[in-house]
Amino acid sequence: MKREIITIDESKCNGCGKCIPGCPEGALQIIDGKARLVSDLFCDGLGACIGDCPEDAISVETREAEAYDEAKVMENIIEAGPNTIKAHLKHLRDHDQQEYFEQALAILLRQGLPIPKVDEESCPTDGCTGTKPQKLQPQTSQPAKTEIPATSKLRQWPVQLHLINPNAPYLQNSDLLIAADCVPFAFADFHNRFMEGKVVINFCPKLDYGLETYIDKLAQIFKNQNIRSITIVRMEVPCCGGIEHIVEKAMQQAEIIKMIKVNVISIAGKIL
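Residues numbered from 1 in each chain as written. Predicted model: local features only at pLDDT ≥ 70, side-chain atom pairs only at ≥ 80, totals over all residues. Heavy atoms only, no water.

K.L.:
Describe the environment of Cys13, listing the residues and the values that go with them.
P.N.:
Tracing the backbone through its elements, the reader meets Cys13 in the loop between β1 (2–8) and β2 (28–31). Residue classification places Cys13 among the buried positions, given a relative accessible area of 9%. On a C-alpha basis, the gap between Cys13 and Cys53 in space is 8.4 Å, while along the polypeptide they are 40 residues apart. (Helix = DSSP H or I, 4+ residues; strand = E, 2+ residues; numbered from the N terminus. Buried < 20%, exposed > 50% of the residue type's maximum accessible area, 1.4 Å probe, protein only.)

K.L.:
Can you tell me about the sheet that holds strand β8 (residues 260–265), naming the residues and giving the values?
P.N.:
Strand order in the open sheet formed by four strands is β6-β5-β7-β8, and the pairing between neighbours is parallel. Either end of the sheet is taken by a strand with one partner, and the two such strands are β6 (199–203) and β8. Geometrically, the sheet is characterised by an average inter-axis angle of 20° between neighbouring strands, direction not taken into account. Of the pairings in the sheet, the one linking strand β7 (residues 229–235) to β8 comprises six bridges and is parallel in character. From the neighbouring strand, Arg234 faces β8, where its bridge partner is Val264. Across the face of the sheet, helix α6 (residues 211–224) comes into contact with β5 (175–180), β6 and β7 while running at roughly 165° to β5. (Pairing = 2+ DSSP bridges. Axes fitted to C-alpha atoms, helices over the stretch in contact; angles between N-to-C directions. Contact = heavy atoms within 4.5 Å.)

K.L.:
So what about the packing of helix α1 (residues 70–80) against helix α3 (residues 98–110)? Which residues, and what values?
P.N.:
Remark: α1 packs on α3, axes separated minimally by 10 Å, with the N-to-C direction vectors making an angle of 55°. As the angle between them shows, α1 and α3 are arranged oblique. Note that α1 runs across α3; the crossing there is right-handed. For the pair formed by α1 and α3, the contact residues are Glu70, Ala71, Met74 and Ile78 on the first element and Tyr100, Gln103, Ala104, Ile107 and Leu108 on the second. Taken together, the residues of the contact of α1 with α3 break down into seven nonpolar, one polar and one charged. (Parallel < 35°, antiparallel > 145°, perpendicular 65-115°, else oblique. Left-handed = near helix turned anticlockwise from the far one by under 90°. Nonpolar A, V, L, I, M, F, W, Y, C, P; charged D, E, K, R; others polar.)

Written as structure tokens, this is what we have:
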């Protein structure tokens, strides 16, 4: 397949190795005194290593190359330890690589490894996808005179996963709505569109601590409460994809299989 991938001008490369830390994926090595691309599979073509080369020897070109393989990359990343895992997640997040970011989270969860907190200070100066300042224009409409006042569809309390008792009676034979914290603020018709007849559980996979506890608690609920259906509503930002992986990991732990309906909400409040 044709795709973007780095190329190294050997006539310029002096083998200093400054590009190596800029590639946590392990695509670069110093061999025979020169930086070498050791495998197409490990290079995502984003060019993070370019800025670290003092000799301007690295560039991005479009050519025939094997497809980048996040699973193969994660094998090396995990072996290199927590700091490299964190650097890799930061790299993917800062370059808005949502699909690869979510694949990496899924691999960590499947292997029972902790997900490192990627500090906000590591975002680009203008903000990463989830924190970049944006001014939104609220949609306005003139309500009809016959409009019925909005009513809450909430059926239980509490709703935050840390506070929910996995043995609570209201969970038995329920339809679950698992929502990211930000969704009700972004999607105006959240109650009517998603909450009718459902038990609500909410959490944030980026800011909350104890995600392993979340997996354990959800697994208890799935295993003991005869859950009828699971609906996820999350935001479009990459970190929010962690909700799906936490739910999937909990189902694996509970040894059950359920179809999951996933709804993704844009920052502007639209269903994607």
